[in-house]
Amino acid sequence: MAAWGQGKRRKGESALARGLARQAVETLRLISEGSLTPTEHVSEVLEVVRDHEPQVRAYITLRSPERLEAEAKEVERRLRQGERLRLAGLLVAVKDNISTSFMPTTAGSRILSDYVPPYNATVVERVIREGGIVIGKTNMDEFAMGSTTELSAYWPTRNPWDLTRVPGGSSGGSAAALAYGGADLALGSDTGGSVRLPAAYTATVGLKPTYGLVSRYGLIPYANSLEQISPMARSVEDLALLLDVISGHDARDATSLSVKPDGIYPPSEPDLRRLRVCLLREMLEGSEEPIRDAIERTLDRLSSQGVEVDYDASIPSLSEALPIYYTIALAEAASNLARYDGKLYPFIVGGPTYTETASGTRAQGFGWEVKRRIVLGVMALSEGYRDEYYLAAARGRRIIRDEILKLTSRCFIAGSVSPVLPPRLGERITDPLKLYALDIYTVVANLAGVPSLALPVGFHEGLPIGMQVMGPPLSEPQLLSLGLLIEEVTGLRGLVAP
Amino acid sequence: MTKFKIGLEIHVQLTEAGTKLFCDCKSNYRGMRPNTNVCPVCLGLPGALPVPKRRPLVLAMAAALVMDCEVPDSLVFTRKHYFYPDLPKNYQITQYQGGGGAPVCLRGRLRYYVPDADEWREVRIRRINVEEDPGRTEYDGTIYSSEYAYVDYNRSGVPLIEVVTEPEVRGPRDARRLVEYLLLTLYYIGATDPRLEGSFRVDANISVAGGERVEVKNIGSTLDLERALSYEAFRQGKLTSQGGEVRRETRGWDPVRKVTKPLRGKETEEEYLYFPDPDIPPVPTKPLIREALPLTLLTPDKQMAKVEGYGVSRRTAWSLVTVRPALTLFLSSALEGAEPQIAARVLAIDLKGLLRKLGKDIHSQSSWPPPYTIKVISEMVKEGVYTYDEVKYNILPRLAEDPNVNINVIMPRRASNIEETVSAVLSREKKAVADFLSGKEKALDYLVGAVLKVRRGEAVDPKSVRELILKVLASTTGDPSNRLKRS
Amino acid sequence: MSFSDKELSRLCVEVRSVRQLLSRVSKFKDASIQPLYNVWDETLDPPHRVDEGDRGVSLSWLPGDRVSEGRVRVPWRGG
């Protein structure tokens with residue numbers, strides 16, 4: 001492991017020594033060899049959960065130990081019958097906006113409390129089919145609207161690396177669970193950075209796939225045209241395995257692509273002579289110094305490995321990415337959230353009339369941030385404003401997408417994930433503009449539909465620093481190869497917080 | 001006479017699409033227990049995604065082609081937002097061009113036949129869009145007083161097309177004929193069964209000169225449409241002639257009391273927040289057009305032309321086309337060689353009338369006889385074996401009772417009948433027979449005359465009667481042929 | 001939705017500030033560019049059937065008192 005960047009708190013290693021930071025692929029190997037049974041694995045992970053969960057609070061709902069053991073036994077039975085299961089016995093944390101028929105799915109909102117969907121999301125089906133075990137549903141900002149996981153209707157999740165700080169959001173629960181060793185793999189969703197920001201804040205790995213590569217069927221929508229269910233893990237290799245399992249065409253999602261690139265798992269060694277990386281000025285300049293330093297150092301190391309690095313790429317139109325993103329996201333959100341009126345979901349604040357019931361249910365069921373976003377989204381779509389807000393944003397989106405497609409056809413784009421180190425709890429949520437600014441670098445990939453991988457590149461005073469790399473559409477195999485190389489030069493892989 | 005303008009919005013369910021618009025639940029939900037024809041998609045559960053189905057789109061495309069529409073390169077679905085218990089997502093997926101959508105048809109025209117005037121008329125179509133039907137709501141008592149709304153989502157997501165005409169329909173009767181023709185068209189292309197309860201509803205706009213536009217909503221039958229419009233024309237005409245002012249408003253039709261009444265609320269222009277549904281990429285129309293084209297060959301005007309091609313009058317042809325089994329029967333019996341004029345008269349007028357009188361379902365194939373029966377009837381009439389009146393009063397009533405009765409039994413060829421008459425006459429006229437057998441040739445003429453007298457009024461050939469008598473006598477009395485030769 | 005007076009005044013302040021951010025997009029208002037609604041401008045060949053299995057569900061997630069004779073019961077009184 002590299003001696004630099006991680007600062008004085010190299011506690012990942014001690015955790016590794018305790019056997020908790022095992023990569024998922026390693027656990028899988030042990031299980032297939034027979035030296036570890038799924039049942040044993042369930043109890044070793046549950047032990048970690050018992051130790052850390054009370055402080056971190058990553059899960060909204062955990063499955064009972066009995067249920068998990070039963071699932072593990074079922075996996076053992078399937079293995080004995082000779083089934084080849086690509087996730088045999090691995091424990092997968094699932095963000096609570098991904099539908100599960102066997103557990104409540106609340107999207108972190110009071111308005112969906114007690115809602116148990118009658119169906120599974122396609123990704124959940126695929127995980128279960130491959131022998132993965134859903135360990136629980138993870139905390140998130142309400143309806144994925146937030147960047148810190150403080151805006152959950154239930155409780156804020158804390159960053160395992162520093163309990164006074166946020167784990168990022170909105171998939172903060174999934175990231176935190178991975179970061180303390182409370183799951184082997186995790187599913188999140190990324191609408192404008194919601195897996196990459198938490199990955200950066202918790203020294204884990206998150207990938208926002210090409211739009212359409214992973215089915216959205218079963219994902220409680222926030223902004224449909226921007227979001228993707230996204231794999232999260234403690235290493236690039238683990239992440240590639242999960243991506244390979246969940247990706248590919250799904251007839252139940254009309255936006256699902258019919259093609260899937262070969263060679264996602266296992267990711268191949270990068271071809272150094274053909275790798276080109278562009279550091280995008282607009283995605284670095286506003287970042288805090290330790291972040292800029294860590295990213296530049298990482299690129300220097302890549303360069304010394306023979307990767308061609310352009311340190312001065314620029315796309316001026318990116319300065320408008322944030323308002324374009326929020327205008328579109330809020331408009332789609334206002335529409336998606338219209339359905340919660342007290343008629344089809346358990347939570348209801350009953351009034352004498354339908355109108356009063358709908359308005360009371362929404363007033364008490366939605367949190368403040370959600371209500372504000374609905375008000376703004378309605379404005380962006382309303383007759384008098386649609387042209388200058390929603391439609392204008394959709395035009396701006398095309399400009400940005402085309403610029404990104406042009407640049408990624410030439411090189412992988414590198415940049416910061418977050419302009420700042422993990423904020424303290426309460427630091428960002430008082431001012432909406434300060435909160436939204438956390439997404440300034442991540443929304444670009446969602447606007448352009450391209451894949452983006454976030455992974456750790458260093459620590460500053462014990463706090464993780466992440467970097468993201470973006471590629472052209474469906475370049476996931478190459479992006480993962482590049483990720484392997486970055487892991488190699490930083491030595492940051494399989495980290496677990498103390 | 002006051003001048004008025006009428007425009008129609010006709011919502012028709014594509015009941016024959018098989019599935020709902022965006023999922024595999026059934027398009028015909030009738031007779032099912034509440035909420036048993038539902039899935040995550042049509043209940044609008046969060047995370048369930050609409051995937052447009054091919055058949056409803058092909059059927060809608062066929063409708064657009066039939067109406068000479070401008071069809072876009074791709075269809076784009078939009079969301080239309082309003083809060084209502086019957087709308088699971090509180091938005092309806094439709095195709096509104098003002099909100100970035102691309103409907104299946106812009107600027108078409110519909111030619112429709114008006115039997116009252118025996119002429120074809122035309123109305124311009126503003127647009128046709130494909131959309132999902134909401135669920136159905138029941139109330140305790142009235143809609144205004146019920147404490148709860150009870151919603152059955154079996155209908156939610158059923159494909160609808162909304163056909164919007166320009167405000168240029170001539171009058172209430174014309175409006176009715178237009179809708180009847182449109183429904184018939186959609187029936188013939190296999191899109192809908194208009195006889196299913198609730199399969200269509202009409203919103204009508206009507207304004208008199210100098211007055212504002214009044215919308216009458218939710219009219220469920222073509223007869224009610226005519227009545228509602230007549231009522232409104234009268235009401236508005238009276239109001240203006242008394243110096244009053246017609247305000248812009250929305251009214252509802254009360255089919256029981258036969259009046260329109262102002263609808264509560266909904267007076268303000270609603271904000272629907274239209275935008276393209278991000279879950280549904282644009283749907284290219286070229287393949288849909290290819291699949292829809294064969295269906296456009298089945299329309300009522302083409303069927304009428306086929307019938308008229310047999311020399312049948314336009315009104316009679318129309319009468320056949322309005323009852324599909326009758327039309328099918330006409331065409332197949334004509335193909336088997338039936339005389340078209342007679343077959344058309346039987347099917348379009350007399351048998352149809354009898355079936356109606358008996359309360360039989362004229363739209364069911366099983367109420368009608370097989371083509372062979374029609375062929376036999378038309379041949380017999382043509383050959384003069386039976387008169388048309390005989391058929392109408394003696395044969396058709398029996399057919400109406402039992403379409404599968406053996407036509408050869410109830411309508412025998414009369415040659416065998418003549419034999420009966422001959423033997424009856426011979427056994428009665430014993431003296432004449434004896435006279436003939438003893439050589440009195442004139443007695444034969446007498447016997448022929450006696451047979452003809454029995455069958456008076458029928459086209460019986462004396463020569464064949466004469467031969468029949470000789471044949472019968474020969475078989476009963478040995479061989480009269482030498483006598484015959486002698487004579 | 002309904003808001004109290006206090007909530008409303010907070011909402012107004014916040015909405016005004018966020019609107020300032022969002023209104024930066026209005027510079028694209030008159031650009032001669034097609035709006036991008038679906039990121040790949042992707043077109044769709046609609047299927048005849050969507051899925052292999054029966055996706056029919058019953059209203060299992062709703063408490064019993066919200067369903068009456070199979071129908072979903074919604075407070076109404078004239079809307």
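These figures come from a predicted structure and were not determined experimentally.

### Comments concerning the overall build of chain A
Logical step 1: When helices and strands are counted, chain A shows 16 helices and 11 strands.
Logical step 2: Since a compact globule built from 498 residues should have a radius of gyration of about 23 Å, the 21 Å found for chain A is in line with a globular shape.
Logical step 3: Counting only contacts in chain A whose residues sit at least 6 apart along the sequence, the fraction spanning at least 24 positions is 77%.

### So, the overall build of chain B
Logical step 1: Broken down by element type, chain B carries 16 helices and 15 strands.
Logical step 2: Taken against the 2.2 N^0.38 rule, which gives 23 Å for 487 residues, the C-alpha radius of gyration of chain B at 32 Å runs more than 25% over that of a compact globule.
Logical step 3: Based on the C-alpha atoms only, the size of chain B along its principal axes is roughly 105 × 55 × 45 Å.
Logical step 4: The contacts of chain B with a sequence gap of at least 6 include a subset with a gap of at least 24, amounting to 70%.

### A closer look at the interface of chain A and chain C
Logical step 1: Taken together, the contact between chain A and chain C spans 52 residues of the former and 39 residues of the latter.
Logical step 2: If you list the elements that add at least two residues to the side of chain A that touches chain C, you get α10 (321-336), α11 (354-365), α12 (368-381), α13 (387-408) and α14 (432-436) of chain A.
Logical step 3: No other element matches the 13 residues that α13 of chain A contributes to the side of chain A that touches chain C.

### Looking at the interface of chain B and chain C
Logical step 1: Facing 34 residues of chain B, the contacting portion of chain C comprises 28 residues.
Logical step 2: Contributions of two or more residues to the side of chain B that touches chain C are made by α1 (54-66), β8 (148-152) and β15 (283-284) of chain B.
Logical step 3: For the side of chain B that touches chain C, the element with the most residues is β8 of chain B, which contributes five residues.
Logical step 4: Looking at the side of chain B that touches chain C residue by residue, the classes come out as 22 nonpolar, four polar and eight charged.
Logical step 5: Bridge analysis of β8 of chain B against strand β2 (residues 71-75) of chain C gives four bridges, and the strand direction is antiparallel. Bridged to Tyr-150 of chain B within β2 of chain C is Arg-73 of chain C.

### Points about the sheet that holds strand β10 (residues 200-208) of chain B
All names here are of chain B.
Logical step 1: Strand order in this open sheet of eight strands is β5-β6-β9-β1-β10-β11-β12-β13, and the pairing throughout is mixed. Both edges of this open sheet fall to β5 (105-114) and β13 (259-262), since each of them pairs with a single strand only. Averaged over all pairs of adjacent strands, the angle between their axes in this sheet comes to 30 degrees, without regard to strand direction.
Logical step 2: Against the sheet, α1 makes contact with β5, β6 (119-132) and β9 (159-165), and its axis sits at roughly 155 degrees relative to β6, the strand it touches most.

### What to know about the domain arrangement of chain B
Logical step 1: By domain assignment, chain B separates into domain 1 (4-289), domain 2 (299-410) and domain 3 (414-486).
Logical step 2: Computed from C-alpha coordinates alone, the two centres of domain 2 of chain B and domain 3 of chain B are separated by 38 Å.

### Topic: the confidence of the model for chain B
Logical step 1: Overall, the prediction assigns chain B a mean pLDDT of 91, with 94% of residues at 70 or greater.
Logical step 2: Scored by ipTM, the complex comes to 0.94, with pTM at 0.90.

### Points about helix α13 (residues 430-437) of chain B
Residue and element names in this part refer to chain B.
Logical step 1: What α13 keeps buried is the set Ala-432, Val-433 and Phe-436. On an axial view of α13, the arc spanned by its buried residues comes to 100 degrees, and they lie on one face. Residues of α13 that are exposed and angled more than 90 degrees away from the buried face: Lys-430, Lys-431 and Ala-434.
Logical step 2: Just downstream of α13 lies Gly-439, where phi reads positive at about 110 degrees.

### Considering the packing of helix α9 (residues 371-383) of chain B against helix α10 (residues 388-401) of chain B
Residue and element names in this part refer to chain B.
Logical step 1: In the contact formed by α9 and α10, the axes pass within 11 Å of each other and the chain directions differ by 160 degrees. In terms of axis orientation, α9 runs roughly antiparallel to α10. Here the hand of the crossing between α9 and α10 comes out right-handed. Here α9 contributes Thr-373, Ile-377 and Val-381 to the contact with α10, which in turn contributes Tyr-388, Val-391, Ile-395 and Leu-399.
Logical step 2: For the contact of α9 with α10, a count of residues per class yields six nonpolar, one polar and no charged.

### A few points about the pairing of β13 of chain B
Logical step 1: The pairing of strand β12 (residues 249-254) of chain B with β13 of chain B spans four bridges and is antiparallel. Among the inter-strand pairings, Gly-252 of chain B is bridged to a residue of β13 of chain B, identified as Lys-261 of chain B.

### Section: the nonpolar core
Logical step 1: In this structure, Val-92 of chain A together with Ala-63 of chain B are the most contacted members of the largest nonpolar core, which totals 308 residues.
Logical step 2: Take this core: its biggest share by element is 11 residues, from α10 of chain A.
Logical step 3: Formed jointly, this core draws a minimum of three residues from each of two domains, domain 1 (4-289) and domain 2 (299-410) of chain B.

### A short note on unusual backbone geometry
Most peptide bonds are trans, and most residues other than glycine sit at a negative phi.
Residues and elements named next belong to chain A.
Logical step 1: Geometrically, the link from Gly-169 to Ser-170 is a cis peptide bond, its omega value of 10 degrees lying close to zero.
Logical step 2: Of the consecutive residues Tyr-265 and Pro-266, the connecting peptide bond is found in the cis state with omega at -5 degrees.
Logical step 3: Inspection of the secondary structure puts Pro-266 in the loop between α8 (236-246) and β7 (276-280).
Logical step 4: We note that Arg-57 has phi near 55 degrees; this positive angle belongs to a residue other than glycine.
Logical step 5: With respect to the helices and strands, the residue Arg-57 is situated in the loop between α3 (38-56) and β1 (59-62).
Logical step 6: Residue classification places Arg-57 among the partly exposed residues on the basis of 18 C-beta atoms within 10 Å.
Logical step 7: Here Thr-149, not a glycine, exhibits a phi torsion of approximately 65 degrees, which is positive.

Rules and cut-offs
Residues numbered from 1 in each chain as written. Chains lettered and ligands numbered in written order. Predicted model: local features only at pLDDT ≥ 70, side-chain atom pairs only at ≥ 80, totals over all residues. Helix = DSSP H or I, 4+ residues; strand = E, 2+ residues; numbered from the N terminus. Rg over C-alpha atoms; globule rule 2.2 N^0.38 Å. Contact = placed C-beta atoms within 7 Å. Nonpolar A, V, L, I, M, F, W, Y, C, P; charged D, E, K, R; others polar. Pairing = 2+ DSSP bridges. Axes fitted to C-alpha atoms, helices over the stretch in contact; angles between N-to-C directions. Domains from an automatic or database assignment. pLDDT = per-residue confidence, 0-100. Buried ≥ 20, exposed ≤ 12 C-beta atoms within 10 Å, placed from the backbone. Arc of directions from axis to C-beta. Parallel < 35°, antiparallel > 145°, perpendicular 65-115°, else oblique. Left-handed = near helix turned anticlockwise from the far one by under 90°. Core = buried A, V, L, I, M, F, W, Y, C linked by C-beta atoms within 7 Å.

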